[in-house]
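The residues making up each chain are set out below.
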Amino acid sequence: MDEDEEDSPPELVANDGSNTTVPNELSSGLQDVKLTRAPITIITGYLGAGKTTLLNYILTARHGKKIAVILNEFGNSTEIEKSLTVSQDSVSSEQWLELANGCICCSVKDSGVNAIESLMDRQGTFDYILLETTGLADPGNIAPLFWVDEGLGSTIYLDGIVTLVDAKNLLRCLNEPTKEEEASEHDEHHATGPLHSTAHLQISHADVIVVNKADLVTDEELQAVQERVRSINALAEVRVTDHSRLPQLEGLVLDLHAYDKVDAGSLEFATKGHSHLDPAIGTLSLVVQVLDDAGLQRLDAWLRAVLWSRELPGSNSDTEDWDIHRIKGRVSMTDGKLKMLQGVREIFELIDGGESSPCAGKIVMIGRNIGSQTTLSAFQQSLDSALAAS
Amino acid sequence: MVVEAPSKKQCQGADCENAASALQCPTCQKIGKESFFCSQDCFKRNWSTHKVLHQNQSNPLRTLFPPKVISEPDPATGHYNPFPTFPYTGSLRPVYPLSPRREVPKRITHPDYANDGIPRSEQKFVGRNNIRILDKKEQDGMRKVCRLAREVLDIAAREVKPGVTTDYIDEVVHKACLERDSVCTSPNEVICHGIPDQRTLAEGDIVNIDVTLYHGGFHGDLNETYYVGESASKHAASVRVVETARQCLDQAIKAVKPGTPFRDYGNIIEKHAKSRDCSVIKTYCGHGINQLFHCAPNVPHYAKNKAVGTAKPGMCFTIEPMISLGSYKDKTWPDNWTSVTSDGSRTAQFEHTLLVTEDGVEVLTARLSDSPGGPMPMPVEANGEKPADTNGDKAADVATT
């Protein structure tokens, strides 16, 4: 692998390949010690929306931090290597991620995750990892790869998805997608109802939406774009920029914690009435009563039916077929504990969220064909019945 | 073939009187040399003189074709270690040359991945989480192939004794499959995914044999860990890891019935493993199995996982927990296939192919009355006391399957 002799010496290594500064593998007694984990942010958006500009801006603005930038998404298991740029102190160097050739079919972690972890094992943790997808990527396929199970003790965690949209072109992209831009169906059943595009998916899965190129549109046009974006995804933060310039990075693009924390404020905001401007994708929010342990089990069962089997328990099949893209919630327990719900596509988990005084909980979903009032009533009714059953 | 750890050395730095640390120059390591230094600073100071040692071949093509270092073959046996500079984690080493690939007659139907290992039918986009429900005829097909796989495993297991090579066992498996008009689609395994080689099984080893059969359009998959020789089952640590793995699988199987989410088995397995002071190897998982070798669902063996799906009658899948005594992290050998734990500690694994029935489960690869191997009690010391390693387990603590 290593080629020419450098002028500066490499680091000494121990017999098992690790180097001096990185502590050795955890001994069996320390399995529960907290690992330092690096956040991975997925940056998506159509070609020309400003992803690369944003990445370059992050790299120059955050000199002093060790940042890895990976171009193009993973998930293509026939690749052997991936190019990765590591930036530290404004100096970038190119590395190769060797995607191991092992038995991918029965291994739990995506080979990309393994490759990043190996790299960090050898070279130390990154402060940030930025993954730039190709223009027509569906983030719903990529996010699950990096939303690694807590039980795996991974050294990376999914921080969130940032979507850049071009203010000038977005409405055209949403309303008149080209053949290439139409969202491909994920399963055998055919979607009824209006077409949706990859732009819809990139917006519906986003935790932050950056409406870029604001300098190229009028105030009215900008307003229309923002309203359309909000009607698709009422949970995400929306920022308006020109030239991908953000006033600050932390909390807006970096350090999002979009898959561990569920902020009460953003749920509140999402439940305010947002117009259902978009015919295909919308936001729906549900009220959840305070639950005891048995109630939590029933909630889990309801979520399994909705997210895994795509069934709405207790309802007749009058509602059109629907898909859930993203789900977040806060549920209060009778014993004062708080549970947070996170989910993307079929994958979800209920995690401990500390303490809270018992109050009504909330669940917000973003998905296809769930924007109408009738659908909202059907979902709320189904949830209420499921939780009430003894 | 055991390689000993390097004995205490002097630091290679010129004029340095310190003893060497455990750290060595990585470039030397790659080219098969060992250069130990006391510290990174000393190494830095001596770099300009030291790096000359890396250029012992002034071949300009050196950078284009990195030298392939293999150890010299043993003149008596022809055996050699193909990756001598790899930092192995325990005492296990591969013993090459490998046998030539065994031919399977064309008259036996091969699955689509037989030639190049690429499972095209699995990659067809069928919806990541759609789990197939098998009808009566398909279930019978699975019963058949799983029964055959069990027979083949038992035949192979009867050959397990000190002095036998893992390659010989592979040959036995191969023959037994041919006799059953089947293709064996997985090599025997060391921990997991090992390649059969010339290493002989030694008294006191534990060895895992994994058999996957393809017959009549269906796959059957099972594995068991066996004790090699009399002394293996007297070694408390070995018995603890093997029996814990066996029990983890048994307990998980007890929970299989319609309505059980696939994410539950990991909680059961990890809880039991922890109670026996063992860890779960987290990298590999159980899987759906039918006309496809690996398909939905994914069945992790560790707790707190987000596996999708719930058992329904007619589904077939495997549970195959891999349990270790020490660190749960594993490493892959340079052959890109063999996987071992990073502290070299012993691991054990057991696997069954399961069919969900209307009210429970049918273990399609169940042991037969004459299946070799089977659970062993925790060994008791000669003076009647329990060895310190048992963690309070009773000698009568024996698995039920």
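Coordinates for the structure precede this section.
Residues numbered from 1 in each chain as written. Chains lettered and ligands numbered in written order. Predicted model: local features only at pLDDT ≥ 70, side-chain atom pairs only at ≥ 80, totals over all residues. Heavy atoms only, no water.

## Digging into empty space enclosed by the protein
Residue and element names in this part refer to chain B. This is how the line gets drawn: Detection works on a 1 Å grid of protein atoms alone, calling trapped sets that fit a 1.4 Å probe cavities and calling open sets with protein on both sides within 12 Å along at least five of seven lines pockets, with lining residues defined by an atom within 4 Å of a point. Grid points are joined across faces, edges and corners, and a volume is the space filled by probe spheres set on the points. Each helix corresponds to a stretch of at least 4 residues labelled H or I by DSSP, and each strand to a stretch of at least 2 residues labelled E; elements are numbered beginning at the N terminus.
Across all of its chains, the model carries five cavities of 30 Å³ or more by this definition. Empty space within the largest cavity amounts to approximately 80 Å³. Together, 10 residues line the largest cavity, and R246, L249, D250, F350 and H352 are the ones closest to its centre. Breaking the lining of the largest cavity down by element, the ones donating at least two residues are strand 3 (218–227) and helix 7 (236–254).

## Some details on the sheet that holds strand 12 (residues 347–355) of chain A
All names here are of chain A. For clarity, the cut-off: Note: two strands are recorded as paired if DSSP finds a minimum of 2 bridges between them. All axes are obtained by fitting lines to C-alpha atoms, using only the stretch in contact for helices, and the reported angles, taken between N-to-C directions, cover 0 to 180 degrees. Only heavy atoms enter the contact rule, under which two residues are in contact if any of them lie within 4.5 Å.
Pairing is antiparallel in the open sheet, where five strands are placed in the order 9-13-10-11-12. At either margin of the open sheet sits one strand with a lone partner, and together these are strand 9 (281–288) and strand 12. Going from strand to strand, the sheet's axes swing by 15 degrees on average, the running direction of each strand aside. When strand 10 (residues 323–332) meets strand 13 (residues 361–368), the two strands line up antiparallel, connected through seven bridges. Opposite K328, over in strand 13, you have V364 as the bridge partner. Strands strand 9 and strand 13 of the sheet are contacted by helix 6 (residues 219–232), whose axis makes an angle of about 50 degrees with strand 9. This element, helix 9 (residues 373–388), spans strand 9 and strand 13 of the sheet and lies at about 30 degrees to strand 9.

## Comments concerning helix 6 of chain A
Residue and element names in this part refer to chain A. Put simply, the rule is: Take the residue count of a helix, subtract one, and multiply by 1.5 Å to get its expected span. Burial classification: accessible surface area is computed with a 1.4 Å probe over protein chains only, and a residue below 20% of its type maximum counts as buried, one above 50% as exposed, and the rest as partly exposed.
Over its 14 residues, helix 6 runs 20 Å from end to end, which matches the ideal 20 Å to within 8%, given 1.5 Å per residue. Residues of helix 6 that are buried include every one of L222, V225, R228, V229, S231 and I232, and no others. Buried residues along helix 6 sit against helix 4 (170–175), helix 5 (198–204), strand 7 (208–212), strand 8 (237–240), strand 9 and strand 13.

## Observations concerning the sheet that holds strand 1 (residues 183–184) of chain B
All names here are of chain B. Strand order in this open sheet of three strands is 1-2-3, and the pairing throughout is antiparallel. The outermost strands of the open sheet, each flanked by one partner alone, are strand 1 and strand 3. Bridge analysis of strand 2 (residues 206–215) against strand 3 gives 10 bridges, and the strand direction is antiparallel. Residue H215 lies in a different strand from strand 3, and its bridge partner there is F218. Against the sheet, helix 5 (residues 136–157) contacts strand 2 and strand 3, and its axis sits at roughly 30 degrees relative to strand 3. Sheet strands touched by helix 7: strand 2 and strand 3. Its angle to strand 3, the strand with the most contacts, is close to 155 degrees.

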